[in-house]
Amino acid sequence: MSPPILSISAVTKTYKGGFTALQPIDLAIERGEIFALLGPNGAGKTTLISIVCGTVAMTSGQVLVDGHDTRTSYRTARSMIGLVPQEIALDIFATIWDTVVFSRGLFGKPPNPAYIESLLRDLSLWDKRDSRVIELSGGMKRRVMIAKALSHEPELLFLDEPTAGVDVALRRDMWALVRRLRDTGVTVILTTHYIDEAEEMADRVGVIDGGRLLLVERTAQLMRKLGKRRLTLVLQRPMATIPPELDGWPVELAADGQQLVYSFDANAEDTGIPTLLRLLGEKGIDFKDLDTSRTSLEDIFVRLVERVA
Amino acid sequence: MSRSSLNVTGMWAIYRTEMARMMRTILQSVATPVITTALYFIVFGGAIGSRMQSVGGVDYGAFIVPGLIMLSLLTQSISNASIGIYFPKFTKTIFEILSAPLSFGEAVLAYVGAAATKSILLALIILATATAFVPVHILHPVWMVAFMVLTSIAFSLFGFIVGIWAESFEQLAVIPALVVTPLTFLGGAFYAIDMLPEPWRTISLFNPVVYLVSGFRWSFYGVGDVGVGASLGFTALFMALCLAILWWIFRTGYRLKP
Ligand SMILES: Nc1ncnc2c1ncn2[C@@H]1O[C@H](COP(=O)(O)OP(=O)(O)O)[C@@H](O)[C@H]1O
Ligand SMILES: [Mg+2]
């Protein structure tokens, strides 16, 4: 069996000032999956990615990329990795074409104009290939960053906060691209603090906070395990307080008393919904609309962090 | 790319990009030294030199040519190489170099090679400019080229270190301004060391630039302030020192990797 595309063992990081950004981290990423590293600002996401990519030195531990140690076999390991860092960093005087071709060369790959062309077309950069980076909008610059990271056909792509401050069109294009990459067998690891993003995109999610990997779970499983559902009733007449008849029910008011929200366990035999609706009917609490939704990963995340703290 | 082989493609990518970056400012790069050199010739060679006797049998105008070229070679090598590595640090594009399958030595070679190439090109342009003003003879052309290459590499290595050390454009400018320019002006570019009174003459022997200018002038006219062996020895020593510092930078990740 082939080794995992990425295997992180007991990796720690203490920065020069003495600040420990990563407690021992263990993580294995399977080939071809989309993995989301989810955590608030300062959790250590960028640090972990930077260690794998070689831009930050680990304090201890070991990282294997497709079985190649990132320290002793760094050439092989790094040539498999593409990195789109959190912040845009480009030589603003270079043209798009030149800077993307440069990246490919830097990673030791022979020129392949046809591939670069298709890459630039995929990222809607082709028409601007001879423009200098300085002339581009922020969104276009981010596309250039992605093109550079993909220029050497990496098998493992890191996207660090790919949608922070990104417009809707780019966000959509980016997810389309990520899915296409996955279809060609590329493994994608992204970091985000937008929970819905992880939920929407990732096969698996790793939750990280305070330099600790709190849990790693298949996204769907995580949702099922910890996910609650929510029934939202839009009331005919707004209420100021929850009526005493509903004492003991996990309900709360929302939208200035115009909505009544009921949380229930999605996996339970009895969701309690029929009983609740009957009760409301008896008490003459009418509603004009209803909606059910899943609790977002955000709620799950908040609960996890609270539990660990 | 096989596991152990050099990443020649990667080095070439850096070298080409660096040369392209330098060529973007080729007009300033060439105009400044050419104009400066012409001014030196008019002032030192023409106005002052006409009143001076020849130095060690060499016409004063011709005498200052090697010194002027060396001066440009030193300052250009340091500034090209220091900006070459400082700029990616400043724009944060250095992440790409650090994450590439490229050894530290390969990166140094590519950056230093580009910086040295450009300063040698400029030195040759200045040499050509000089021949428009004074008759220049080159007694040992091979040695002249050897001195150019060695000096430009040694000081590009030094510039690379300065670029890694610097954390602001001010710091980038401070080493050339405070250290290199005084040493070059006091390095015998415009005079022979034995024209100085004691103790300056002895003190001058501690100035590394004296050895470079002397060796370089020897390659032109067969005369120098110190022996050519001492000149070569010094250049080699300086280069070794820079390489040792770079080795330490590589081992510790100094100012490159947090
Ligand atoms: N170069 C550095 N020196 C010292 N501390 C750092 C450095 N980079 C990051 N940190 C600290 O490490 C922690 C994790 O940072 P980071 O990995 O960037 O988090 P995230 O990407 O999850 O927001 C933060 O507290 C940050 O302040
Ligand atoms: Mg980050």
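Thresholds, definitions, all that
Residues numbered from 1 in each chain as written. Chains lettered and ligands numbered in written order. Predicted model: local features only at pLDDT ≥ 70, side-chain atom pairs only at ≥ 80, totals over all residues. Heavy atoms only, no water. Donors = N, O, S within 2.8 Å, 3.2 Å for Na, K, Ca; no water. Helix = DSSP H or I, 4+ residues; strand = E, 2+ residues; numbered from the N terminus. Buried < 20%, exposed > 50% of the residue type's maximum accessible area, 1.4 Å probe, protein only. pLDDT = per-residue confidence, 0-100. Domains from an automatic or database assignment. Patch = residues over 30% accessible without salt bridge, like charges linked within 9 Å, V, L, I, M, F, W, Y side chains within 5 Å. Areas by Shrake-Rupley, 256 points an atom, 1.4 Å probe, with all protein chains shown as cover. Salt bridge = Lys/Arg side-chain N within 4 Å of Asp/Glu carboxyl O. Contact = heavy atoms within 4.5 Å. Buried area = accessible area lost by both parts, 1.4 Å probe. Nonpolar A, V, L, I, M, F, W, Y, C, P; charged D, E, K, R; others polar. Near = heavy atom within 4 Å. Polar contact = N/O pair within 3.5 Å; in protein donor to acceptor, adjacent residues only side chain to side chain. Pairing = 2+ DSSP bridges. 1 Å grid on protein atoms, 1.4 Å probe; cavity = no way out; pocket = protein on both sides within 12 Å on 5 of 7 lines; lining within 4 Å. Points joined across faces, edges and corners; volume = space filled by probe spheres on them.

This next bit is on the coordination of the magnesium ion (ligand 2). Residue and element names in this part refer to chain A. On the protein side, the magnesium ion (ligand 2) has T46 (OG1) and Q86 (OE1) as donor atoms, found 1.9 to 2.3 Å from it. You can see T46 sitting in helix α1 (residues 45–53) and its partner Q86 sitting in the loop between β6 (81–84) and α3 (96–106), a full 40 residues away along the chain. Overall, the relative accessible area of 32% leaves Q86 in the partly exposed class.

Turning our attention to the confidence of the model for chain B. The predicted coordinates ought not to be read in detail in places where the model reports low pLDDT. Residues and elements named next belong to chain B. Mean pLDDT over chain B stands at 86; residues scoring 70 or higher make up 95%. Mean pLDDT per element in chain B: helix α2 (residues 26–48) is the minimum at 77, and helix α4 (residues 94–99) is the maximum at 96. Across the interface, the model reports ipTM at 0.88; the global pTM reads 0.85.

Another point: the domain arrangement of chain A. Split into domains, chain A comes out as domain 1 (6–224) and domain 2 (229–295). Relative placement of domain 1 of chain A and domain 2 of chain A: their C-alpha centres are 43 Å apart.

This part takes up a nonpolar patch on the surface. A contiguous nonpolar surface patch, about 470 Å² in accessible area, is contributed by B:I35, B:L39, B:I42, B:V43 and B:F133. Locating B:V43 in the fold gives a position in helix α2.

Okay, the interface of chain A and chain B next. Counting residues at the interface gives 31 residues for chain A, matched by 30 residues for chain B. In terms of surface lost to chain B, no three residues of chain A exceed A:R75, A:F102 and A:L106, which account for 27% of the buried area on that side. Measuring nitrogen to oxygen at the nearest pair gives 3.1 Å for the salt bridge that ties A:K148 to B:E96. Of all the elements in the fold, those that place two or more residues in the side of chain A that touches chain B are α2 (74–79), α3 and α5 (138–150) of chain A. In terms of residue count, the dominant contributor to the side of chain A that touches chain B is α2(A) (five residues). Considered class by class, the residues forming the side of chain A that touches chain B number 15 nonpolar, nine polar and seven charged.

Turning to the site of ligand 1, a few remarks are in order. Taken together, the neighbourhood of ligand 1 is formed by A:Y15, A:F19, A:A21, A:P40, A:N41, A:G42, A:A43, A:G44, A:K45, A:T46, A:T47 and B:P258. The environment of ligand 1 is shared, with nearby residues belonging to chains A and B. A:A43 is positioned such that a nitrogen or oxygen atom in its backbone is 3.1 Å from an oxygen atom of ligand 1. At a separation of 2.8 Å, an oxygen atom of ligand 1 approaches a polar backbone atom of A:K45. Protein chains shield 64% of the accessible area of ligand 1, which is 570 Å² for the free molecule. Considering every element that reaches the shell around ligand 1, the biggest residue donor is α1(A), with three residues.

This brings us to the pairing of strand β4 (residues 60–65) of chain A. Residues and elements named next belong to chain A. Note that strand β1 (residues 6–14) and β4 share five bridges and pair antiparallel. Across the sheet, I8 pairs through a bridge with V63, a residue of β4. The pairing of β4 with strand β5 (residues 68–69) spans two bridges and is antiparallel. Each bridged residue has a counterpart across the sheet, and for V65 the counterpart in β5 is H68. The hairpin turn running from β4 into β5, its antiparallel successor, is two residues long, and D66 in that turn takes a positive phi close to 50°.

Residues and elements named next belong to chain A. Pairing is antiparallel in the open sheet, where four strands are placed in the order β2-β1-β4-β5. Each edge of the open sheet carries a strand with a single partner, namely β2 (20–29) and β5. Bridging between β1 and β2 involves six bridges; their strand directions are antiparallel. Bridged to I8 within β2 is L27.

All names here are of chain B. Residue placement: T202 occurs in helix α8 (residues 200–204). The partly exposed category is assigned to T202, whose relative accessible area is 39%. Polar contacts involving the side chain of T202 include one to the side chain of E198, which spans 2.6 Å.

Moving on: empty space enclosed by the protein. Here the idea is plain: a probe the size of a water molecule rolls over the atoms and shows the empty space left. A full pass over the atoms with the stated rule returns two cavities of 30 Å³ or more. The space that makes up the largest cavity amounts to roughly 70 Å³. Together, A:I81, A:G82, A:L83, A:F107, A:M145, A:K148, A:A149, A:H152, B:F95, B:E96 and B:S99 line the largest cavity. Secondary structure elements with two or more residues in the lining of the largest cavity: β6 and α5 of chain A together with α4 of chain B. Considering only residue class, the lining of the largest cavity consists of six nonpolar, three polar and two charged. Here the second largest cavity defines a volume of roughly 60 Å³. At the level of secondary structure, the elements contributing two or more residues to the lining of the second largest cavity comprise β1, β2, β3 (34–38) and α1 of chain A. Among the elements that line the lining of the second largest cavity, the one with the most residues is α1(A), at three residues. Residues that form the lining of the second largest cavity fall into these classes: 11 nonpolar, no polar and no charged.

Before going further, it helps to examine unusual backbone geometry. Of the consecutive residues B:E198 and B:P199, the connecting peptide bond is found in the cis state with omega at 5°. As for its placement among the helices and strands, B:P199 is situated in the loop between α7 (169–185) and α8. For A:D66, which is not glycine, the phi torsion reads 50° and is therefore positive. When you line up the elements, A:D66 lands in the loop between β4 and β5. The backbone phi angle of A:E153 is positive, close to 55°, even though this residue is not glycine. You can see A:E153 is positioned in the loop between α5 and β7 (156–160).

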